[in-house]
Amino acid sequence: MEKYYLTTAIDYANAPPHIGHAYEKIAADIVARYQRLAGREVFFLTGTDEHGTKVEKTAELAGKNPKEFVDEMAEKFQEAWKRLLISNDFFIRTTEPRHEKVVQEVFRRMREKGDVYKGTYKGLYCEGCEDYKRERDLDPDGNCPNHKKPPKVMEEDNYFFRLTKYKEKLRQWLCQEGVVRPDGRRKEVINQLDDEDFGDFSVSRPRTSLQWGIGVPDDPEHVIYVWIDALTNYITGIGFETDEVLWKKFWPADLHLIGKDIVKFHCIYWPAMLMACDIELPKMVFGHGFITVEGQKMSKSLGNVLDPIELVDKYGADAIRYYLFAANSFDQDGDFSRADFISTANSHLANNLGNLLNRTLTLVDKNCAGKVPDAIPDAEAMKVAENGQRSYVEFMEQLEFTKAIEAALSLLNEGNRYLNDQKPWTLFKEGKKAEGEAVLLTSLELVKRATVLLCPVTPGLSAKIWHQLGFDEPIEKVVLTDSVVSKVIPAGQLLRNQGPVFLRIEDVTAVPAV
Ligand code: MSP
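Described in the following lines is the structure provided in the data block. (Residues numbered from 1 in each chain as written. Predicted model: local features only at pLDDT ≥ 70, side-chain atom pairs only at ≥ 80, totals over all residues. Heavy atoms only, no water.)

### Focus on the sheet that holds strand β12 (residues 219-224)
The three strands lie next to each other as β10-β12-β11, forming an open sheet whose pairing is antiparallel. Two strands in the sheet have a free side with no partner beyond their single neighbour: β10 (204-206) and β11 (215-216). Bridging between β11 and β12 involves two bridges; their strand directions are antiparallel. Note on β12: the bridge partner recorded for Val216 is Asp219. (Pairing = 2+ DSSP bridges. Helix = DSSP H or I, 4+ residues; strand = E, 2+ residues; numbered from the N terminus.)

This is how it looks when you write it as structure tokens:
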């Protein structure tokens, strides 16, 4: 069995999850579920980034000690992912003792290699980004462009990582098409690396500036820089130094899925750290776009930060998952618009999918005693299904979710068109039973296949339909090459018509904001 290891960015545990965090975790979940459907053995890792100045300060403001604070936040993230049907195999927290040991081991290895040295950092630091800044990284007002705040002026003793030593090797790695996607981001990183100014970077903070972090081995006065700590989660989570079997099986990562704002850390710092530790590099880093809400960037001051749990409570996980990826291209920025969400969910899930299933099951109940008819499906319609499935696989392999969803929908469009053209209700009325049965079987078959293809996107809904189609084996266990997919749904299988699977959203009230 081929393996597939994928990770998401680990979210800062300084605030509860919002729709932007959810967007990334759902995307990763679609990949994980698709890879399982394609027959691969998957390990899917996500988690929380719990150390650093930002978390330390927020905890203090909340009047809590940092550990107590991050424990609460980590709970919230896990709860949100459960509610959104995220199927991660492990949830990593950077305060886990196992992780702390691995981070220290990574630091030790880099130091033993001669790649870490002591120096003084004199310059700017943005606590929002947890990143060192140069004057020219700031906007015309002297603010960090991401956080709209002036960075802190600092002068402190730090350990530095000898990035300059790895620049050429990094460049060679980055010159391979496909290691960083979309390709435009790969080119941006190469430009960044080529900048003469881009050199060694700090990998520690003195305890006098930051308490909440992992100690530098053999130097209690210093704390390891939060990005070194955070990036290392990708190897801790898969058993580096702790589970030889898991580690050997799954490393290197097939995919690090991250947002476009943290590409530098993942495509320069992380591979350089791995090179210094003599660890193989990941196969691909994908930097996705950002989600806005009603066309605006989310911010506390605008009061438009969307809470994924409230959305799930109101609309269910499937509709949200579906909308985010049917309506937005993953490699570009996208938007969550309430009106668009409601009309997309209603037209695709209630009308296209739900109605086709409902009409077909009702006709089978009435004319075939609720059992799958013994017939041969229409060859043309089956060709449409096969072509749709082929395109779906090609698009999913490329992380082109919007197009993959369209390919799955093409089966449903065909089903609705076919049913309307063939009018099985008339065929039965005219006594053309065999023809009527063949039409219903064709329709059932198209619904079945579309349900399987949509399962990575709408796992809850697909499981419900699967049950109504009379299958007992969980849909999550199905692999595309199984006969349950490629062969016609068995004649005589008892269907379970339990009414509409997706209720139209009639809601007119505002989407709740945090
Ligand atoms: N803790 C770091 C990542 C460390 S990974 C070793 C971090 N955390 S974050 O909470 O700020 O962001 C987590 C992920 O969510 C990032 O990939 C980020 O790009 C993504 N997003 C944050 N806001 C987003 C949107 N509005 N839209 C889509 N993704 C967004 O960075």
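What follows continues from the structure just given.
### Describing the site of the ligand
Near the ligand you find 25 residues, and of these Ile10, Glu24, Asp49, Gly259 and Asp261 are the closest. Here Tyr12 contributes a backbone N or O atom positioned 3.1 Å from an oxygen atom of the ligand. Gly20 is positioned with one of its backbone polar atoms (N or O) 3.3 Å from a nitrogen atom of the ligand. In the complex, 93% of the free accessible area of the ligand, which totals 650 Å², lies under the protein chains. Of all the elements in the fold, those that place two or more residues in the shell around the ligand are β2 (11-12), α1 (19-37), α7 (226-231), α8 (233-236) and β13 (255-259). Considering each element in turn, the shell around the ligand owes the most residues, four residues, to α1. The residue inventory of the shell around the ligand, partitioned by class, reads 13 nonpolar, eight polar and four charged. (Near = heavy atom within 4 Å. Polar contact = N/O pair within 3.5 Å; in protein donor to acceptor, adjacent residues only side chain to side chain. Areas by Shrake-Rupley, 256 points an atom, 1.4 Å probe, with all protein chains shown as cover. Nonpolar A, V, L, I, M, F, W, Y, C, P; charged D, E, K, R; others polar.)

### Thoughts on the packing of helix α13 (residues 338-368) against helix α15 (residues 401-422)
A pair of packed helices can be characterised by two numbers: the angle between their axes and the separation between those axes. Following both chains from N to C, one finds α13 and α15 inclined at 50 degrees, their axes separated by 10 Å at the closest point. In terms of their interaxial angle, α13 and α15 are classed as oblique. The handedness of the crossing between α13 and α15 is left-handed. When α13 is examined against α15, the residues His348, Asn352, Leu353, Leu356, Arg359 and Thr360 are found in contact with a partner set consisting of Leu409, Leu412, Asn413, Gly415, Asn416, Leu419 and Asn420. Among the residues making up the contact of α13 with α15, the classes are represented as five nonpolar, seven polar and one charged. (Axes fitted to C-alpha atoms, helices over the stretch in contact; angles between N-to-C directions. Parallel < 35°, antiparallel > 145°, perpendicular 65-115°, else oblique. Left-handed = near helix turned anticlockwise from the far one by under 90°. Contact = heavy atoms within 4.5 Å.)

### Description of the pattern of salt bridges
Under the counting rule described, the total for this entry stands at 47 salt bridges. A salt bridge links Asp195 to Arg134; the shortest N-O distance between them is 3.8 Å. Taken as a pair, Asp195 in the loop between α6 (183-194) and β9 (201-202) and Arg134 in the loop between β6 (131-133) and β7 (152-161) lie far apart in primary sequence, 61 residues in all. Using a relative accessible area of 22% as the deciding quantity, one classes Asp195 as partly exposed. Residue classification places Arg134 among the partly exposed positions, given a relative accessible area of 24%. Residue Lys283 is joined to Asp254 by a salt bridge in which the shortest nitrogen-to-oxygen separation is 3.2 Å. Here Lys283, found in the loop between α10 (263-276) and β14 (285-288), pairs with Asp254, found in the loop between α9 (244-250) and β13; they are 29 residues apart in sequence, far enough to count as distant. Its relative accessible area of 46% is what places Lys283 among the partly exposed residues. Look at Asp254 and you get buried, because its relative accessible area is 11%. (Salt bridge = Lys/Arg side-chain N within 4 Å of Asp/Glu carboxyl O. Buried < 20%, exposed > 50% of the residue type's maximum accessible area, 1.4 Å probe, protein only.)

### Let's talk about the environment of Gln398
If you trace the backbone, Gln398 turns up in the loop between α14 (379-397) and α15. Relative accessible area serves as the criterion here: at 37%, Gln398 is assigned to the partly exposed category. Along the primary structure Gln398 and Arg181 are separated by 217 residues, whereas in three dimensions their C-alpha atoms are 10.0 Å apart.

### As for the environment of Phe250
Tracing the backbone shows Phe250 in helix α9. On the basis of relative accessible area, Phe250 is assigned to the buried category, the value being 3%. Residues Phe250 and Tyr5, 245 residues apart in the sequence, show an inter-C-alpha distance of 5.8 Å. Residues within four places of Phe250 in sequence aside, it is in contact with Lys3, Tyr4, Tyr5, Glu41, Val42, Phe43 and Ile238.

### Some remarks on helix α4 (residues 97-112)
The end-to-end C-alpha distance of α4, which contains 16 residues, comes to 23 Å, matching closely the 22 Å that a straight helix rising 1.5 Å per residue would cover. All of the buried residues along α4 are His99, Val102, Val103, Glu105, Val106, Phe107 and Met110. Looking at the residues trailing α4, positive phi occurs at Gly114, about 85 degrees. (Expected span 1.5 Å × (residues − 1).)

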